[in-house]
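Residue-level structure breakdown
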Amino acid sequence: MEDTLLIDAAERYIKGEMSPEEMTYFEEIRKNNAELDQSVVEHIFFLNELEKFSEGKKFRHQLHETAAKLSDEGLISKSKIEGKAKLVYFWNRYKRTVAVAASIAGLVSILSASIISSLSSNKESNIQPLVKQINEQDAKYRKLEKQIGQIKSATIETDAAAAKQRVESKFQATGFLIDVTNNYIVTNAHVLKEARNKLIIENNKGEQFLTQSVYVNTENDLAILKVIDADFKKLPPLPFSIKKSNADLGEQVFMLGFPKEEIVYGEGYISAQNGYKMDTIYCQLNTSANEGNSGSPVINKQGELVGVISSKESNAQGVVFAIKTSHIFRAIEEVKKQPGNNLIKVNSKPTLKGNDRVSQIKKLQDYVFMIKGN
Amino acid sequence: MHAQVNRSASDIALLEGLARNEKDAIEKIYRDHYHMILHMIMINNGNPDDAADVFQEGMIVLFEKSKSKDFELNCQLKTYLYSVCRRLWLKKLNQQQRFGRQTDDLEQIAPVEEDIEVHEKRQQEFNIMENALQKIGEPCKSLLEAYYLQKKHMQQIAEEFSYTNADNAKTQKYKCLVRLKKLFFAQYKNTP
């Protein structure tokens, strides 16, 4: 059966437009031809998806209309101001309240992680201490105010730090190379949420390279990027290997990441085999991690990668969650299936074992990048 | 766990109306419950815009729920909507922090976690389809929308798109559909 005929038949079949004889015939050939049956099943699934989409679209349309109507009536109050005006609105609204700090932190993290990093550059911080600093330390408060002022006068994405960049970044996180032949980078899926246009990596020297994402899995929070910039120089094989089994409880680990504009080293240990609420995708570390650390590699003494930093518990100090490496292998398998990306391969030549920490870091740092984008 | 709603006659009528995409039902739910959600969000670091967004998403969850086969609610519609919106708002707050998941300090009333997961999956599929439709370009997009979304007849479509006859329009529609399907599955199979 030709494709168009098949589509036509499948459509009439689910709409119940077939005559009984035709239906018997159609079911008969499906039974005898597994391949054909498979494409019918697939097509029916697709048509159902299309139908669901159509219903959803209509409902959303109706919903928007109703909301617009009620908004005119004044039942729904929208601030109706977009862009930078919204910022001013937020700012004025929260200026005097204590709750400010939290919303500024949120606001700031949306706008630019670099403000946060400049605020927290000399103090260990997470969201909570940041709140305290703003209230207690007038100087820092003023600094923030100044920066908000800059944002007010400039466009949303722009701030002092980002203005210098060739790509004005809306966020900052960490990623690291896993394939030096074809240049694939691992980071967190949540990092990419705000990357709508450009996605770049930046090395410790401030050089930026264009990348594109080839894999994004929000379930295990992993993403794989491919460097597509011709200027990117190939690096020697990875100095670390990726551990196949789970990290051991109590194992000492360290990580390299970009919570600020330069690479930052951190230490800790594996404190639990599972993540938040026993989530088996993650293991738990005891260490400190800040905004921007998302996607940082977690390495053990032997120079093996044992995890990727993803999140932390904001209610507890020093509880950080890292994605287990088994998920990296799975992600690589998925990427391999894609045409054009089938060559992805972890090519490592572990040389970290037995080295002291300082030389381990020296070897490693070229493989860790800032992830930026807009 | 599935949350279920009590068989309050008015709630059931509203949900049935919602499933049929009736304007009045949507409006009634807005009028009855919008302020409750607005209040909840305002006291939890939100602003009116957030409330408008969250309420809309909550309505979509409710719509999907009303459409589902095993649809049943054994708490009030009000409680259900409140729980869904509260959960959605918490998720949003967490996302805005970007780093980290906070523990649930605001308690939930009805167990809606599973419904929200279903909704997120649906939303993902919705986005994939929307992207695929964007990518196929014109006239394919309009042609397919006319047939599958607006449910227009082939004859009418042929006239609107100036095809010589309905058969020509149909052939064109097939071609477009095959392309859309390819684009859809290319994305769909790559998402978990």
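Notes on the structure follow. (Residues numbered from 1 in each chain as written. Chains lettered and ligands numbered in written order. Predicted model: local features only at pLDDT ≥ 70, side-chain atom pairs only at ≥ 80, totals over all residues. Heavy atoms only, no water.)

1. Observations regarding the pattern of salt bridges
Residue and element names in this part refer to chain A. Per the stated rule, a full pass over the model turns up 29 salt bridges over all chains. Residues E22 and R12 are paired through a salt bridge, measuring 2.8 Å at the closest nitrogen-oxygen approach. Placement of E22 in helix α2 (residues 20–32) and of R12 in helix α1 (residues 3–15) is noted, with a sequence separation of 10 residues between them. Across the pair E202 and K372 runs a salt bridge, and its minimum N-O distance is 3.2 Å. Separated by 170 residues along the polypeptide, E202 in strand β3 (residues 199–202) and K372 in strand β13 (residues 368–373) bring together distant segments of the chain. Comparing E202 with K372, the two get one shared label, buried. (Salt bridge = Lys/Arg side-chain N within 4 Å of Asp/Glu carboxyl O. Helix = DSSP H or I, 4+ residues; strand = E, 2+ residues; numbered from the N terminus. Buried < 20%, exposed > 50% of the residue type's maximum accessible area, 1.4 Å probe, protein only.)

2. Remarks on the interface of chain A and chain B
Each partner contributes residues to the interface: chain A has 73 residues there, and chain B has 58 residues. Contact with chain B buries area across many residues of chain A, yet A:F53, A:F59 and A:R60 alone supply 12% of it, more than any other trio. For the pair chain A and chain B, the number of links is 8 salt bridges. One salt bridge in this structure joins B:K151 and A:E51, with 2.6 Å as the shortest N-O distance. Our enumeration of links across chain A and chain B arrives at 13 residue pairs in polar contact (both at pLDDT 80 or more). Of all the secondary structure elements, the ones that give two or more residues to the side of chain A that touches chain B are α1, α3 (34–73), α4 (83–94), α5 (100–111), β1 (171–179) and β11 (304–312) of chain A. Element by element, the count of residues in the side of chain A that touches chain B is highest for α3(A), at 26 residues. Of the residues in the side of chain A that touches chain B, the class split is 25 nonpolar, 24 polar and 24 charged. (Contact = heavy atoms within 4.5 Å. Buried area = accessible area lost by both parts, 1.4 Å probe. Polar contact = N/O pair within 3.5 Å; in protein donor to acceptor, adjacent residues only side chain to side chain. Nonpolar A, V, L, I, M, F, W, Y, C, P; charged D, E, K, R; others polar.)

3. Regarding the environment of B:C176
Residue and element names in this part refer to chain B. By the element assignment, C176 lies in helix α8 (residues 166–188). By relative accessible area, C176 is classed as buried at 0%. Separated by 36 residues in sequence, C176 and C140 place their C-alpha atoms 5.4 Å apart.

4. With respect to the packing of aromatic side chains
Using the criterion set out here, one finds 19 aromatic pairs over all chains in the structure. Relative to A:F240, the ring of A:F176 lies with its centre 6.1 Å away and its plane at 70°, an arrangement referred to as edge-to-face. Taken together, the residues A:F176 in strand β1 and A:F240 in the loop between β5 (222–227) and β6 (241–242) connect sequence positions 64 residues apart. This pair shows no difference in class: A:F176 is buried, exactly as A:F240 is. A:R60 extends its terminal NZ or CZ atom over the ring of B:F126, reaching a point 3.8 Å from the ring centre. Just above the ring of B:F185 sits the side chain of B:K189; from NZ or CZ to the centre is 4.8 Å. (Phe/Tyr/Trp six-rings, centres within 6.5 Å; stacked < 30°, edge-to-face > 60°. Lys NZ or Arg CZ within 6 Å of the ring centre and 35° of its normal.)

5. Points about the pairing of β5(A)
Residue and element names in this part refer to chain A. Among the 6 residues that make up β5, 6 are buried, leaving the element largely enclosed by the rest of the structure. Note: strand β2 (residues 184–188) against β5, 5 bridges, orientation antiparallel. Bridge pairing links Y184 to K226 in β5. Bridge count for strand β4 (residues 208–217) against β5 is 6 bridges, and the pairing is antiparallel. Note that in β5 the partner of V216 across the bridge is A223. Joining the antiparallel neighbours β4 and β5 is a turn of 4 residues, in which D221 adopts a positive phi near 60°. (Pairing = 2+ DSSP bridges.)

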